[in-house]
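Below, each chain spelled out in residue letters.
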Amino acid sequence: MNDLTYMKLALQLAENTRGQTSPNPMVGAVVVNNGKVVGMGAHLKAGGGHAEVHALYMAGEAAIGATIYVTLEPCSHYGKTPPCADLIIEKGIKRVVIATLDSNPLVAGNGIKKLQEANIEVEVGVLETEAKQLNEVFFHYVDKKTPYVTLKTATSLDGKIATTTGESKWITGELAREDVHKLRHQHDAILVGVGTVLEDDPSLTTRLKSGGKNPIRVILDHQLRTPVEAKVVTDKEAETWIVTTREAPLDKKEKLMNLGVKIIELAGDKIIIEDLLKCLGEKSITSLFVEGGSTVNDSFLRSKCINEVITYIAPKLIGGSGAPTSFSGIGFPNLGDALQLMIKEVTQLGQDIKIVSIPKGE
Ligand SMILES: Nc1c(/N=C/[C@@H](O)[C@H](O)[C@H](O)COP(=O)(O)O)[nH]c(=O)[nH]c1=O
Ligand SMILES: [Zn+2]
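Residues numbered from 1 in each chain as written. Chains lettered and ligands numbered in written order. Predicted model: local features only at pLDDT ≥ 70, side-chain atom pairs only at ≥ 80, totals over all residues. Heavy atoms only, no water.

The positions UniProt marks with the feature "active site" (unreviewed entry) are Glu 52. Position of Glu 52 relative to the elements: it lies in helix α2 (residues 51-59). A residue is classified by how much of its surface remains accessible, and Glu 52, at 3% relative accessible area, is buried. If we skip the residues at most four places from it in the chain, Glu 52 touches Ala 29, Ile 68, Val 70, Leu 72, Pro 74, Cys 75, Cys 84 and Ile 88. (UniProt positions renumbered as here; feature names shortened; annotations may be inferred. Helix = DSSP H or I, 4+ residues; strand = E, 2+ residues; numbered from the N terminus. Buried < 20%, exposed > 50% of the residue type's maximum accessible area, 1.4 Å probe, protein only. Contact = heavy atoms within 4.5 Å.)

This paragraph deals with the sheet that holds strand β9 (residues 240-244). Strand order in the open sheet formed by 9 strands is β10-β9-β8-β7-β11-β6-β12-β14-β13, and the pairing between neighbours is mixed. Both edges of this open sheet fall to β10 (262-265) and β13 (341-349), since each of them pairs with a single strand only. Taken pair by pair, the neighbouring strands of this sheet meet at an average axis angle of 20 degrees, ignoring direction. Lying on the sheet, helix α6 (residues 136-144) is in contact with β6 (148-156), β11 (287-290), β12 (308-314) and β13; it crosses β6 at an angle near 130 degrees. (Pairing = 2+ DSSP bridges. Axes fitted to C-alpha atoms, helices over the stretch in contact; angles between N-to-C directions.)

Sheets are built from strands that pair by backbone hydrogen bonding, the pairs being arranged parallel or antiparallel. Strands sit in the order β2-β1-β3-β4-β5 across an open sheet of 5 strands; the sheet is mixed. Every interior strand has two partners, whereas the edge strands, β2 (36-42) and β5 (121-124), have only one. Neighbour-to-neighbour, the strand axes of the sheet open up by a mean angle of 15 degrees, direction not taken into account. The strands that helix α1 (residues 3-15) touches are β1 (28-33), β2, β3 (67-72), β4 (95-100) and β5; relative to β1, the one it contacts most, it runs at about 145 degrees.

Bringing the site of ligand 1 into the picture now. In the region of ligand 1, 16 residues are neighbours, and Ile 171, Thr 172, Asp 200, Leu 204 and Arg 207 sit closest. Ser 203 is positioned such that a nitrogen or oxygen atom in its backbone is 2.9 Å from an oxygen atom of ligand 1. In this structure, an oxygen atom belonging to ligand 1 sits 2.7 Å away from a side-chain N or O atom of Arg 207. Here ligand 1 has 520 Å² of accessible area as a free molecule, and 91% of this is covered by the chains. Those elements giving two or more residues to the shell around ligand 1 turn out to be β6, α7 (174-186) and α8 (194-200). (Near = heavy atom within 4 Å. Polar contact = N/O pair within 3.5 Å; in protein donor to acceptor, adjacent residues only side chain to side chain. Areas by Shrake-Rupley, 256 points an atom, 1.4 Å probe, with all protein chains shown as cover.)

Turning next to the packing of aromatic side chains. Throughout the structure, instances matching the rule amount to 2 aromatic pairs. When the centroid spacing of 5.2 Å and the interplanar angle of 40 degrees are considered together, the rings of Tyr 6 and Tyr 69 count as tilted. Here Tyr 6 is found in helix α1, whereas its partner Tyr 69 is found in strand β3, with 63 residues between them in sequence. By relative accessible area, which is 5% here, Tyr 6 ends up buried. The ring of Tyr 141 is capped by Lys 145, whose NZ or CZ atom sits 5.6 Å from the centre of that ring. Taking the ring centre of Trp 170 as reference, the NZ or CZ of Lys 169 above it sits at 4.9 Å. (Phe/Tyr/Trp six-rings, centres within 6.5 Å; stacked < 30°, edge-to-face > 60°. Lys NZ or Arg CZ within 6 Å of the ring centre and 35° of its normal.)

What follows is about the coordination of the zinc ion (ligand 2). Protein-derived coordination of the zinc ion (ligand 2) comes from His 50 (ND1), Cys 75 (SG) and Cys 84 (SG), at a distance range of 2.1 to 2.2 Å. Spacing between the donor residues of the zinc ion (ligand 2) along the chain follows H-x24-C-x8-C. Here Cys 75 lies in the loop between β3 and α3 (84-90) and His 50 lies in the loop between β2 and α2, a separation of 25 residues in the sequence. (Donors = N, O, S within 2.8 Å, 3.2 Å for Na, K, Ca; no water.)

With that out of the way, let us pick up α2. For the α-helix, the turn length of 3.6 residues means that residues three or four positions removed from each other point alike. Those residues of α2 not exposed but buried are Ala 51, Glu 52, Ala 55, Leu 56 and Ala 59. Burial along α2 is one-sided: seen end-on, the buried residues are contained in an arc of 115 degrees. Of the surrounding secondary structure, the elements contacted by the buried residues of α2 are β1, β2, β3 and α3. A positive phi of about 55 degrees marks Gly 60, the residue just after α2. (Arc of directions from axis to C-beta.)

With that settled, consider the domain arrangement of the protein chain. Structurally, the protein chain comprises domain 1 (3-138) and domain 2 (146-220 + 266-359). Centre-to-centre, using C-alpha coordinates, domain 1 lies 35 Å away from domain 2. Contact with domain 1, which involves 7 residues of that partner, is made by 9 residues of domain 2. At the boundary of domain 1 with domain 2, total buried surface from both sides reaches about 700 Å², with 54% on carbon and sulfur atoms. (Domains from an automatic or database assignment. Buried area = accessible area lost by both parts, 1.4 Å probe.)

We now examine the environment of Ala 29. On the secondary structure map, Ala 29 appears in strand β1. For the pair Ala 29 and Glu 128, spaced 99 residues apart in the sequence, the C-alpha separation amounts to 14 Å. Dropping the residues within four chain positions of it, Ala 29 is found in contact with Ala 10, Leu 13, Gly 39, Met 40, Gly 41, Ala 51, Glu 52, Ala 55, Ile 68, Tyr 69 and Val 70.

Among the surface-exposed residues, Val 37, Met 40 and Met 58 lie close enough to one another that they form a single nonpolar patch of about 240 Å² accessible area. Relative to the assigned elements, Met 58 resides in helix α2. (Patch = residues over 30% accessible without salt bridge, like charges linked within 9 Å, V, L, I, M, F, W, Y side chains within 5 Å. Salt bridge = Lys/Arg side-chain N within 4 Å of Asp/Glu carboxyl O.)

The end-to-end C-alpha separation of α1 is 18 Å, in line with the 18 Å expected for 13 residues at 1.5 Å each. Where α1 is concerned, the buried positions are Asp 3, Tyr 6, Met 7, Ala 10, Leu 11 and Ala 14. The buried residues of α1 occupy an angular sector of 140 degrees when the element is viewed end-on, so they sit on one face. Where α1 is buried, its residues contact β1, β2, β3, β4, β5 and α5 (128-134). Among the residues of α1, the N-terminal cap falls to Asn 2, whose side-chain oxygen and the backbone nitrogen of Leu 4 are separated by 2.9 Å. (Expected span 1.5 Å × (residues − 1).)

Next up, the structure:
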């Protein structure tokens, strides 16, 4: 067993908390003494104990002279819990192996400095790429203060999201749709346009056999056309925020607010995606799952604010020039302006293909 083995275990512990630690990063820690794992832990929720605290608590006396593997630099500032760097020193740890530094420039390196001043051996960069990938949403949010945007589409082989008569249930199969619900669980918020609310009356909740949390539902609706009897208003399954503009009629605003909907009014008479993301970031939304429809997708596409695209393709041919595709609106008239992506992953889910891609140059 070596450093890689134990850091892989720490990364696995962190990965399994995906969707429950926001707005904090996912972190895993493993304490090893004389070739034996004597403690392990993960940060389970924001405000809860950090991974190192759980692992050191489990290790007890066995932490003396041991090595701790942590996927992110131990914190050195008093947040909701005392600094882990101090605890590591207090518990007698001899060596600290860290996968990656904290991305917050205010704290990066302070934890390490504290440890080295206490004559603890520190090594940084073990499985660094994996650790950065694990928390790419967190690092993006710390850096930009806006949510990491994942745009998802589900189409037939000929790129349709519905038939010419608007029928769309379902294009993709069980496994692909279950995968979408896992993504909903992992995101702080899910976003659709009012067109999708009017067309599908979606609930936008997470329905997984193993349970899962419902993301906050964000509806883009600049004239406030969302019906008061829509599921997202009446089902009380999750918070619903409707983003609108000064064009919204006052009486409709009051009616929806009385039904528990949060109304976010942006300046101007149309919704600018950059302003929307800034506003959501200020409300601690670190990850946003854009589930369409085609008008909203077009606005995000042209805003160049997409961080990841997930495309599900079903082996069906729907046809019909009037059948909608995943992006409508004006798009990019010049091919040279098209959003160039890089494919990161292609998997098959039942009969459907899932493609994960990111904008080139990300
Ligand atoms: N038509 C399809 C989708 N359609 C996606 C959206 O248009 C739907 O309104 C939304 O998923 C409905 O949300 P719900 O009510 O919470 O189930 N998405 C998919 O992955 N496959 C499809 O075949
Ligand atoms: Zn900590």
